Number of protein chains: 2
Amino acid sequence: MNEEDKNIVNTIKLLAVDMIDAAQSGHPGIVLGAAPIVYTLFKNHLNFNVNDPNWFNRDRFIMSPGHGSALLYATLFMAGYDIKLEDLVRFRQIDSKTPGHPEKNITPGVEYSTGVLGEGFAAAVGMAIAEKYLEGYISKYVDKQRIIDHKIYCLVSDGDLQEGLAYEAANIAGLYGLNNLIVLYDSNGITLDNPLSKSSCENFIKRFDSLGWNIDYVSDSNNITKIDQAIARAKRNKSKPTIIEFKTIIGQDSFNQGTNIVHGRPLSKDDIYSLHQIYGLNTSKFEVTKKYYENFQKIINKRVSGVISKWEDYANTFHLINSPEIQIFDKFVKENSISLVFDAKNFKIQASYDEDLRETNSKIMNIIADRTPFFIGGSADLSASCNTRLIKYSDFSKDNFSGRNILYGVREHVMGAITNGISTYNIKAFSSTFLTFSDFMKPSIRLAAMQNLSPVYIFTHDSVNIGEDGPSHQPIEQLMTLRNVPNLYVYRPADINEVIGCWDVIMKKDKPSSLVISRTKVHILAGTNGEEVSKGGYIVKKENKKIDAILVSTGSDLTTTLLIADDLKQQYDLRVVSMPCQELFFEQSEEYQNEVLPMDSKIIAIEASTKENWAKITSYNNIIGLDNYGYSGKSNDVLKKMNFDKDSIKNKVLDILK
Amino acid sequence: MNEEDKNIVNTIKLLAVDMIDAAQSGHPGIVLGAAPIVYTLFKNHLNFNVNDPNWFNRDRFIMSPGHGSALLYATLFMAGYDIKLEDLVRFRQIDSKTPGHPEKNITPGVEYSTGVLGEGFAAAVGMAIAEKYLEGYISKYVDKQRIIDHKIYCLVSDGDLQEGLAYEAANIAGLYGLNNLIVLYDSNGITLDNPLSKSSCENFIKRFDSLGWNIDYVSDSNNITKIDQAIARAKRNKSKPTIIEFKTIIGQDSFNQGTNIVHGRPLSKDDIYSLHQIYGLNTSKFEVTKKYYENFQKIINKRVSGVISKWEDYANTFHLINSPEIQIFDKFVKENSISLVFDAKNFKIQASYDEDLRETNSKIMNIIADRTPFFIGGSADLSASCNTRLIKYSDFSKDNFSGRNILYGVREHVMGAITNGISTYNIKAFSSTFLTFSDFMKPSIRLAAMQNLSPVYIFTHDSVNIGEDGPSHQPIEQLMTLRNVPNLYVYRPADINEVIGCWDVIMKKDKPSSLVISRTKVHILAGTNGEEVSKGGYIVKKENKKIDAILVSTGSDLTTTLLIADDLKQQYDLRVVSMPCQELFFEQSEEYQNEVLPMDSKIIAIEASTKENWAKITSYNNIIGLDNYGYSGKSNDVLKKMNFDKDSIKNKVLDILK
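Residues numbered from 1 in each chain as written. Chains lettered and ligands numbered in written order. Predicted model: local features only at pLDDT ≥ 70, side-chain atom pairs only at ≥ 80, totals over all residues. Heavy atoms only, no water.

Residue and element names in this part refer to chain B. Spatially, β1-β2-β3-β5-β4 is the arrangement adopted by the five strands of the open sheet, whose pairing is parallel. Whereas interior strands pair on both sides, the edge strands pair on one side only; in this sheet they are β1 (60-63) and β4 (214-218). Each strand axis lies, on average, 20° off the axis of its neighbour in the sheet, ignoring direction. (Pairing = 2+ DSSP bridges. Helix = DSSP H or I, 4+ residues; strand = E, 2+ residues; numbered from the N terminus. Axes fitted to C-alpha atoms, helices over the stretch in contact; angles between N-to-C directions.)

Below is the structure:
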């Protein structure tokens, strides 16, 4: 390492150590171990624009072990991002720009919220897919295009790679030959609890080799030249994702280097003092030598300014190419717009319409696919059952990056994370599986909602009425799990009108959505209205004079609810409300909410899910739902045994009305 | 294949095909592909006792691709289990012994409920750990013990192995050198949607080799001799788990053999007719040639009867060995009793007690560990943070199967599944991680609850009050997710008294439990009582005269709640109820429930979780909880920003009381 490299790296290290010391909270181990890797990446390879952190063609860097946040922030600060020294001082404090784990939308330069191990890596694979897809799309129309041709860099830790999610992600990356993905593996052989060897026996090289990766190795991670060369080699690979194993020493140079003690505890004052001595930087706490700060940025600027201006020149003339596909892409680049014309009210449906709701959903999805190229997705080996294939379009594959159907295999979790990663490119990405299996994806769904990404998770087979497959396949509590995720919009349409309405809102709204689709056949219901979906809930059947009670329902249960209302019409004056999306409903004005569900009326909710789902609108005793597992049997037999067939529900409604 | 083998295998195949045909629902592909493997296992290797399906030392067989249920049931029937032909006829019908996917507790011979891919395999690894642990324990006291020395066989499909969970499981099995685990891989190269090659590129041999497995291969899976020899070789391996890749043809001999068309759809009548022709069995629907039925059982009986009687002789004299450890084990074998004396009322705690609740929990767990050897578990690399190590005991490892601390690495999901697998041996197995990461384990937690197993999932860091780590680590919706799992008992103790009480119930109750522990320091609270925990909820502070309102809370929020009640005592006559376990509370008599929470009183629930959690006891507006993600910052700053500090909560209570 030359003097200047050494001094800048050590400045970054000491800054991060000071941050952790000031917060008395954080993870010094990774800082001292991995700083040279991150430094070399930023110095010599990563293309980014500190003046425009969202520059379209920037390289992405994701720090999957988010507990290394201090290292990341110190590096971003030194690299010239809009992060001040005061921001570093306020590390892990409320309302700071430097939260405990990296959070997208808070810190410039942070591409994904990490800290949940494995998730960052898996999302990076999604980003690599998005980059390849966009490259594949535009390359069909422009020779030697330069509008999108960047890399995804991802730092991973031993812990990241232990997660099954990371295995799934590695498999997908290998399968698709994502050579735009370069993974920097901080291999320190220590996890929080123990040396890695106590919880892993695997041969790392064989593992990634078995998955079709290019593997590289750097034995001395203080050797900037070697780090640099390895990254350069990776960039040249034409057909495979690369993982470079960097042998590092956790907490290097600190008293407890090489042990798990230094992983997640602030260093002692003595230890920090000793680091200063070792590094020979004559600085006090949070002091940065101006020269190093400036020189690092100078080096970076020298390297990236040409890249950026060249890209800008190209981007500025790009739209002149006379082609509708280019215009759409240009708009996408400049306005983040996916250029979709899709309005619920434009669809005219015949009243006699009667089909499996998955079939309906498939039609709508395929219409959307025809109208915008920025709608892609796939299934965890259930596209035939979920009916979510984009029929006219090919499979995304190693040899066909412009394919729009992504085959995930039976890997629900990484499907969620990849869908998120693709969404960071403002592509509308969808995934699909059965509703019970949404459980596998929960950690990723939460992260999308936390970051306000806008993927669409489609879940079919949404009720015990699927019958024969039995309790393992019958969702009970999953709707509540999803609705309980803050900032996630859960849609459960009742018929084709509402399916159209849901998609209309989903495509317009920059929010994470979950679309829950019944497997049952439903005909078009009197009173449903696609446009009303945007209000979350609306009246499908008005009372005659005065309301005896309001029945609220969703999805296939609305069909049953309407039949019950009809059966009881001689006895009770009932209103029926469809509420395909609770989150939207509670965003409406109080006036509207009160118009649909007047304060003083008796409200009865009916849905094949746990009762807590409807606590927001009525009392527990007025909710007709399910509270135990289902059974294997014919749909009607299952519903009857669970007291959720039409007659049983009707009797419960009568009990409540009495 | 000799004639008899062929005829029995084909009888099994046709029975299964007939079952699927009768149900017009099911999966013929795996039946026709994997029947010879399952047949050979049952015929020549699996030690089981049809007259006592729960025989302690039986080999376990888990069919991880549970959609192969028809094959399993047909084989169990032919092998002589208490399953009648009528049961097969009623395949996938309500209340039958033959549900759509195998369900433990419904069908004799079914060891684990499968159908959720990857889960069966992962649970099998847990069973292998349990077997090794018990073997390791007893071997310390008896030379050449024969009370427990069996194998775990597990059939897996391509889909199973795609799941990240399966990768985690394979890693753990390799790490621990579980040579009692023999995995039979039905390698047909087809998944539901596509040929496997479209969603996987991995080199299977390299993959398992990288994880330390013994790998074997059978190219012709109609060759019973080859199958037999491969299984025999696997049984002889001394140090590694074995996976045998059997090359099979999905739906072999049917019209669409070798394609995904035959995976999950009943065969046509013509196809079934043609199969009969090909197999040359002159049978009609559900007809079984008596000879084959009897001969199969004769062969099995001849092989296993000696094994069983030898074991019984040994087991009958086993208790005569004069050693307390043997007595305990004998009781465990014969009564499924873990012989624990642990009573909440026996603990005397000083009133001045004040410590981090994790510390308290650790002490109790270690007391339990000292009192029974059938209490083992581990952490997903957070034993230091969760404080769940059994301090006096060693690590479970390849060289030390009697170790009681299982190191899972950062693999939460398989930790859940393995904990379940161990629980099938009636060992009280625990796992631990942070509450937010419970999301990773949800699919396995659900399966434990569905099967009524009794693992203990411990989750610490249970509130936004953990502070600095920020939203990715701060649980909001997780408590609701857990409480919404039918048949799962969720405990959130408020102080040491309740921690003791929770463990008392958990150890006595054969139910899946989740123990949610605060990271905060709490002193012993006036009014808490370990014995009352068994009632789920109880009064910790009585009103003076008449109740103005009842405040209900749990965990660390109870401390705040009691302070608020005290602050308001001049203005309002408040009762405070602690409800560490909702599930237990709602099992109490209505009288008791009404005594604690009188019908006509105003109830206010206070908990750092989503509001739906308390819908069962009060209306949504009377619940003080959280509905959005937290922040990184000091605990108090986070609580203040979220309006969940003491003063904010007090103001909300006052608002409700007005």
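There's plenty left to go through after this.
Residue and element names in this part refer to chain A. Structurally, chain A comprises domain 1 (3-306), domain 2 (344-523) and domain 3 (534-657). The distance between the C-alpha centroids of domain 2 and domain 3 comes to 24 Å. Across the boundary between the two partners, domain 2 contributes 27 residues, which contact 34 residues of domain 3. In total, domain 2 and domain 3 occlude about 2500 Å² of area from one another, counting both sides; carbon and sulfur atoms represent 53% of this. Considering only the side of domain 2, the residues that lose the most area to domain 3 are I476, R483 and R492, jointly responsible for 27% of the buried surface there. Joining domain 2 to domain 3, the criterion identifies four salt bridges. (Domains from an automatic or database assignment. Contact = heavy atoms within 4.5 Å. Buried area = accessible area lost by both parts, 1.4 Å probe. Salt bridge = Lys/Arg side-chain N within 4 Å of Asp/Glu carboxyl O.)

Within the largest apolar cluster, 374 residues are counted, with the highest numbers of intra-cluster contacts made by F121, F329 and W503 of chain A together with F121, F329 and W503 of chain B. In this structure, F121 of chain B is in contact with S64, C154, V156, L161, A166, A169, A170, V183 and W213 of chain B, ignoring residues within four places of it in sequence. (Core = buried A, V, L, I, M, F, W, Y, C linked by side-chain atoms within 4.5 Å. Buried < 20%, exposed > 50% of the residue type's maximum accessible area, 1.4 Å probe, protein only.)

Let us look at the side chain of H27 of chain A. Within the secondary structure, H27 of chain A is located in the loop between α1 (3-23) and α2 (28-44). Look at H27 of chain A and you get buried, because its relative accessible area is 12%. Contact partners of H27 of chain A, with chain neighbours within four places excluded, come to I20, H67, R92, H263 and G264 of chain A together with D469 of chain B.

Right, let's get into the state of the cysteines. Disulfide: a covalent bond formed between the sulfur atoms of two cysteine residues. By the definition in use, this model includes zero disulfides over all chains. Summary of cysteine pairing: C201 of chain B is not part of a disulfide, and the nearest cysteine sulfur, belonging to C154 of chain A, is at 18 Å. Its relative accessible area of 32% is what places C201 of chain B among the partly exposed residues. Residue C581 of chain B stays outside any disulfide, its sulfur separated by 7.4 Å from that of C502 of chain B, the closest cysteine. Judged by relative accessible area, C581 of chain B falls into the buried class, the value being 0%. (Disulfide = S-S within 2.5 Å.)

Aromatic ring pairs: the centre-centre distance and the angle between the two ring planes describe each pair. This structure, assessed with the given rule, holds 60 aromatic pairs over all chains. An aromatic cluster of at least three residues, connected via ring pairs, comprises W55, F56, Y137, Y141, W311, Y314, F318, F329, F332 and F374 of chain A. Above the ring of Y425 of chain A, the side-chain terminus of R60 of chain A is found at 4.1 Å from the ring centroid. When the ring centre of Y631 of chain B is taken as origin, the NZ or CZ atom of K641 of chain B, which lies over that ring, is 4.7 Å away. (Phe/Tyr/Trp six-rings, centres within 6.5 Å; stacked < 30°, edge-to-face > 60°. Lys NZ or Arg CZ within 6 Å of the ring centre and 35° of its normal.)

Turning to the side chain of E111 of chain A, a few remarks are in order. Residue and element names in this part refer to chain A. Locating E111 in the fold gives a position in the loop between α4 (85-89) and α5 (119-139). Only 2.7 Å separates the side chain of E111 from the side chain of R58, close enough to count as a polar contact. Not counting the four nearest positions on each side in its chain, E111 is found in contact with R58, D59, R60, F61, I62, K104, M127, T424 and Q451. (Polar contact = N/O pair within 3.5 Å; in protein donor to acceptor, adjacent residues only side chain to side chain.)

With that settled, consider the interface of chain B and chain A. The interface of chain B with chain A comprises 96 residues on the first partner and 96 residues on the second. Both sides of the chain B and chain A interface together cover about 8100 Å² of buried area, and 53% of this is carbon and sulfur. The three residues of chain B that bury the most area against chain A are I94, R446 and Y629 of chain B, which together make up 9% of that side's buried surface. Summed over the shared surface of chain B and chain A, the result is 16 salt bridges. Here K616 of chain A makes a salt bridge to E612 of chain B, at a shortest N to O gap of 3.2 Å. The interface formed by chain B and chain A includes 62 residue pairs in polar contact (both at pLDDT 80 or more).

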